[in-house]
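Chain by chain, the residues run as shown.
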Amino acid sequence: MARKIIFDTDPGVDDTMALTFALRSPELEVVGVTSVFGNAAGAVTAQNALRLVELEGNGHIPVARGADNGIVIPAIELASEVHGKDGMGNTNPPAPKGKLLDIPAAQFIVETVLANPGEITLVPVGPLSNIGLALRLEPKIAELVDEVILMGGAAYTPGNITPLAEANIYHDPHAAQMVFSAGWQVTMVGLDATHQVVMDNAHFDKIFAADNPAVNLLREITPCYRSFFDGVYGLGGAVYTHDPSAVAYAIDPELFEVKKAPIVMETEGKCMGKTIPDEENRWVNYRPTNICVGGKTDRIIDLIVERLTK
Amino acid sequence: MKRIWIDTDTASDDAVAILMALRWPDEEIVVEGISTVSGNVSVEECSRNALYTVELCGKQVPVYEGAGKPLIREPVFGYFFHGPDGMGGMNYPDAKQKIEENHAVNAFIECIQSNPNDITLVTLGPLTNIALALGIAPDLAEKIPMCYVMGGAAATLGNITPTAEFNIYVDPEAAKMVFHSGMPLTMVGWELCRGDANLDEEDIKSVMDIGTEYAKFSIDCNRQAVQTNREWLGEPMLPLPDPITMAIALDPSICTRKGMYYVTVDVQGEATRGMTIVDERGVLEKDANVTVCWEIDIPRWKEALYKTLR
């Protein structure tokens, strides 16, 4: 039976790759998409999410718009130099045909989880605002969600948006605190793993050798993203594979190596957004998070390439 | 005619404020909904007390139960001030009316979305529900013409701590978010609710002499407050912050001096947690976001209360 997921996203170039990868994987059934601010403004990412479900005939999948800001802090430093102001590499794509749901993302998450107890996996690949809001709206979902597999955080490795923090967590550290301490099973697919999952020029060539709506869109929107990584990390066209790695975990957790520890959040000040593993339970006793620290990185990339090009 | 929504952690003085709104003689006041929040007492007890108050006044108002705890802080309660049931230990019987099925946050969002720019919000407790609603429905802030907040201490004289008033202290992150949300806000701080603004012995006697069940109720449920106020704060008689806020919401001319400033809330400090920082001189050169009440007409405030008890 396919794993039912709600995909929470701020498309976003790697979100685009992740969602198309998920939609093309029979192991997963995307029962809903919820959008959040992050890589671009909330209004922009909502339209991009609609666009992405329509791309290859999945327009029946409901899309609900979520938070425009962090639960406590307003949206800051939106990454227009990474993903473009339109979240689509500055390609200004046409408006989607479909419509967003009438209800907000947090309500959609609560209703879907209550209607499918024990069956829904949340896969958030942007700031965790919608997940935190859903938790506060209906605390019971902590017992009814199968797993939360999130792209975010940096436990044992430096941050990207600041020396300590990864961008998704940094944009809403308070939501992250809610999510990591809620008692459900969380798997953190953060920079510890994603900086080892390197999609290089050869991989991109293979992807773009194919011809389908997903790879054709990626071909258009990735130049901005690839040149950002080259500028910052000197990767020469390669990228660290963030959001798609979370989807890969949802498909096959065995691809990843994991350390378990509860995650404590720093929510204020200079170190805001740091995900702190409390291995010895010195500070907290709540359920440990599965922290991805590596894995079969070649096989992860091969899986992504295979699904995108089929 | 004025339409209002009351968000409340219903304990003794909240109950009197709700009563004032339900029995205001000068203008038709339609209370569209009452939402309860964890604060003075647990949210379940707040709901119970709100339902009793509504029934006592012989009115039909839906009561919705909201957040059971602050956004990320551990709950802090005020039983020591309001009594073991929040109502001075009066142990009133359960009302026949029950709380509505809908979560307070959803109900509030729906009410405002259906009635944009028509409903005044009056908050008498921690701002948890409001922060959640504004986060879930990002366009809500511009649809609320004014929010009267019982909370804060613009002159920095706190009650629960030297620097903070209780409502803001209990959920400082929610307060910070709400203060910066763009929703028009009038802050009625704790400093307005001390000294001569309190009901002294003569005032309490006048109230009892009114002889109605409403007059008796308003004094009885506050009997713990009178005692604790004297023992803990060394202050005279009966402070009534929520009724003062409601009086100003119902008749804004009761506030005789006010100003609009940049106001923020400290969420980082230990000694200054929940401090409401009012930039009176404008030294930070940031946009003003809150109207701060500096003075009230004390005889007119007390008459506003008395006329609802007759």
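Source: prediction; values computed, not measured.

Peer 1: Would you mind showing me how to read the overall build of chain B here?
Peer 2: Within chain B, the secondary structure is distributed over twelve helices and nine strands. In terms of overall dimensions, chain B is globule-like: its C-alpha atoms have a radius of gyration of 18 Å, near the 19 Å expected for 310 residues. Along the first, second and third principal axes, the C-alpha set of chain B runs to 50 × 40 × 35 Å. With 310 residues in all, chain B has 57% of them scored as buried. Considering only contacts within chain B whose residues lie at least 6 apart along the sequence, 83% involve residues at least 24 apart.

Peer 1: Whenever I open this one, the overall build of chain A confuses me. Can you help?
Peer 2: Helix and strand content of chain A: 13 helices and twelve strands. A compact globule built from 310 residues would reach a C-alpha radius of gyration of about 19 Å, and chain A, at 17 Å, matches this within 12%. For chain A, the spread of C-alpha atoms along the principal axes amounts to about 50 × 45 × 40 Å. Long-range pairs, those at least 24 residues apart, make up 82% of the contacts in chain A between residues at least 6 apart in sequence.

Peer 1: Got a minute to help me understand the sheet that holds strand 5 (residues 147-150) of chain B in this structure?
Peer 2: What holds strands together in a sheet is hydrogen bonding between their backbones, with the strands either parallel or antiparallel. Residue and element names in this part refer to chain B. Sheet architecture is open: nine strands sit in the order 3-2-1-4-5-6-9-7-8, paired in mixed fashion. Looking at the sheet topology across the chains shown, the edges are occupied by strand 3 (63-65) and strand 8 (276-279). If you compare each strand with its neighbour and ignore which way they point, the axes differ by 30 degrees on average. Relative to strand 2 (residues 29-36), strand 1 (residues 2-8) runs parallel, the two sharing seven bridges. Across the sheet, residue isoleucine 6 finds its bridge partner in strand 2, namely isoleucine 34. Packed onto the sheet, helix 4 (residues 104-114) meets strand 1, strand 2, strand 3 and strand 4 (119-123) and runs at close to 150 degrees relative to strand 2.

Peer 1: How do you make sense of the sheet that holds strand 12 (residues 289-295) of chain A when you look at a structure like this?
Peer 2: Residue and element names in this part refer to chain A. As summarised here, the arrangement of the eight strands in space is 3-2-1-4-5-6-12-9, forming an open sheet in which the pairing is mixed. Each edge of the sheet is formed by a strand with only one pairing partner; in this case those strands are strand 3 (63-65) and strand 9 (256-261). Each adjacent strand pair in this sheet contributes to an overall mean axis angle of 25 degrees, direction not counted. Judged from the four bridges that link them, strand 5 (residues 145-151) and strand 6 (residues 186-189) form a sheet pairing that is parallel. Its bridge partner being in strand 6, valine 148 is matched across the sheet by valine 186.

Peer 1: Any chance you could explain the interface of chain B and chain A here in plain terms?
Peer 2: Interfaces are often sized by the accessible area lost when the parts come together. Tallying the contact residues gives 18 residues for chain B and 20 residues for chain A. Listed by contribution, the elements that provide at least two residues to the side of chain B that touches chain A are helix 4, helix 5 (128-136) and helix 7 (172-179) of chain B. Classifying every residue of the side of chain B that touches chain A by side-chain character gives ten nonpolar, six polar and two charged.

Peer 1: Explanation requested: the nonpolar core in the structure shown.
Peer 2: The nonpolar side chains of soluble globular proteins are, as a tendency, buried together. Among the nonpolar cores identified, the biggest contains 205 residues, and Ala246 of chain A together with Ala21 of chain B are the most heavily contacted of them. Per element, the largest residue contribution to this core is eight residues, and it comes from helix 1 (residues 12-22) of chain B. When near neighbours in sequence (up to four residues on either side) are disregarded, alanine 246 of chain A contacts Ala18, Val123, Val125, Ile149, Leu150, Met151 and Val189 of chain A.

Peer 1: When you look at unusual backbone geometry in this model, what are you seeing that I'm missing?
Peer 2: Glycine aside, a negative phi is what most residues show, and trans is what most peptide bonds show. Here the amide bond leading from proline 11 of chain A into glycine 12 of chain A is cis, since omega sits at -25 degrees, within 30 degrees of zero. Inspection of the secondary structure assignment puts glycine 12 of chain A in the loop between strand 1 (3-9) and helix 1 (13-23). Within the chain, asparagine 91 of chain B stands out as a residue other than glycine whose phi angle is a positive 50 degrees. As for its placement among the helices and strands, asparagine 91 of chain B is situated in the loop between helix 3 (79-82) and helix 4. Among the residues examined, asparagine 91 of chain B registers 9 C-beta atoms within 10 Å and is labelled exposed. Phi is positive for glutamate 285 of chain B, which is not a glycine, with a value near 55 degrees. Within the secondary structure layout, glutamate 285 of chain B lies in the loop between strand 8 and strand 9 (290-296). The exposed category is assigned to glutamate 285 of chain B, around which 7 C-beta atoms lie within 10 Å.

Peer 1: Even after reading the chapter, I still don't get the pairing of strand 4 (residues 120-124) of chain A, so can you show me in this structure?
Peer 2: Along any regular strand, the residues point their side chains to alternate faces of the sheet. Residue and element names in this part refer to chain A. The buried count for strand 4 comes to four of five residues, which makes it a mostly enclosed element. Relative to strand 4, strand 1 runs parallel, the two sharing five bridges. Looking across to strand 4, one finds that isoleucine 6 is bridged to leucine 122. With three bridges joining them, strand 4 and strand 5 adopt parallel strand pairing. Residue pairing in the sheet places threonine 121 in a bridge with glutamate 147 of strand 5.

Peer 1: Explanation requested: the pairing of strand 2 (residues 28-35) of chain A in the structure shown.
Peer 2: Residues and elements named next belong to chain A. Burial of strand 2 is extensive: six of the eight residues sit out of reach of the surface. In this structure, strand 1 lies alongside strand 2, joined through seven bridges in parallel fashion. From the neighbouring strand, isoleucine 6 faces strand 2, where its bridge partner is glycine 32. Read from strand 1 through helix 1 to strand 2, the crossover connection turns out right-handed. In the sheet, strand 2 pairs with strand 3 via three bridges, with the strands oriented parallel. In the strand pairing of strand 3, serine 35 is matched with arginine 65. Of the crossover connections in this fold, the one passing from strand 2 over helix 2 (residues 42-54) to the parallel strand 3 is right-handed.

Peer 1: Would you take a moment to explain the confidence of the model for chain B for this structure?
Peer 2: Parts of the prediction with low pLDDT should not have their coordinates interpreted in detail. Scored by pLDDT, chain B comes out at a mean of 96, with 100% of its residues at no less than 70. Both scores are available for the predicted complex, with the pTM at 0.95 and the ipTM at 0.92.

Peer 1: Is there a simple way to think about the packing of helix 12 (residues 243-251) of chain A against helix 13 (residues 297-309) of chain A in this case?
Peer 2: How two helices sit against one another is set out by the angle between their axes and by the gap between those axes. Residues and elements named next belong to chain A. Taken N-terminus to C-terminus, the directions of helix 12 and helix 13 make an angle of 95 degrees; their axes are 10 Å apart at the nearest point. Viewed along their axes, helix 12 and helix 13 adopt a mutual orientation that is roughly perpendicular. The segment helix 12 lies against helix 13, with Pro244, Ser245 and Ala248 engaging Ile300, Leu303 and Ile304.

Peer 1: Whenever I open this one, the environment of tyrosine 169 of chain B confuses me. Can you help?
Peer 2: All names here are of chain B. By secondary structure assignment, the location of tyrosine 169 is in helix 6 (residues 166-170). Between the C-alpha atoms of tyrosine 169 and valine 265, which are 96 residues apart in sequence, the distance is 9.4 Å. Not counting residues within four places of it along the chain, the set of residues in contact with tyrosine 169 comprises Val76, Ile160, Thr161, Ala164, Arg273 and Gly274.

Peer 1: Would you explain the packing of helix 1 of chain B against helix 11 (residues 241-250) of chain B in this entry?
Peer 2: Residues and elements named next belong to chain B. Contact geometry of helix 1 with helix 11 gives a least axis separation of 7 Å together with a crossing angle of 25 degrees. By the criterion of interaxial angle, the relationship of helix 1 to helix 11 is roughly parallel. Once helix 1 is placed against helix 11, the crossing between them reads as right-handed. Contacts between helix 1 and helix 11 involve Asp13, Asp14, Val16, Ala17, Met20 and Ala21 from the first element and Pro241, Asp242, Pro243, Thr245, Met246, Ala247 and Leu250 from the second. For the contact of helix 1 with helix 11, the per-class residue count stands at nine nonpolar, one polar and three charged.

Parameters and conventions
Residues numbered from 1 in each chain as written. Chains lettered and ligands numbered in written order. Predicted model: local features only at pLDDT ≥ 70, side-chain atom pairs only at ≥ 80, totals over all residues. Helix = DSSP H or I, 4+ residues; strand = E, 2+ residues; numbered from the N terminus. Rg over C-alpha atoms; globule rule 2.2 N^0.38 Å. Buried ≥ 20, exposed ≤ 12 C-beta atoms within 10 Å, placed from the backbone. Contact = placed C-beta atoms within 7 Å. Pairing = 2+ DSSP bridges. Axes fitted to C-alpha atoms, helices over the stretch in contact; angles between N-to-C directions. Nonpolar A, V, L, I, M, F, W, Y, C, P; charged D, E, K, R; others polar. Core = buried A, V, L, I, M, F, W, Y, C linked by C-beta atoms within 7 Å. Right-handed = clockwise from strand over helix to strand, strands pointing away. pLDDT = per-residue confidence, 0-100. Parallel < 35°, antiparallel > 145°, perpendicular 65-115°, else oblique. Left-handed = near helix turned anticlockwise from the far one by under 90°.

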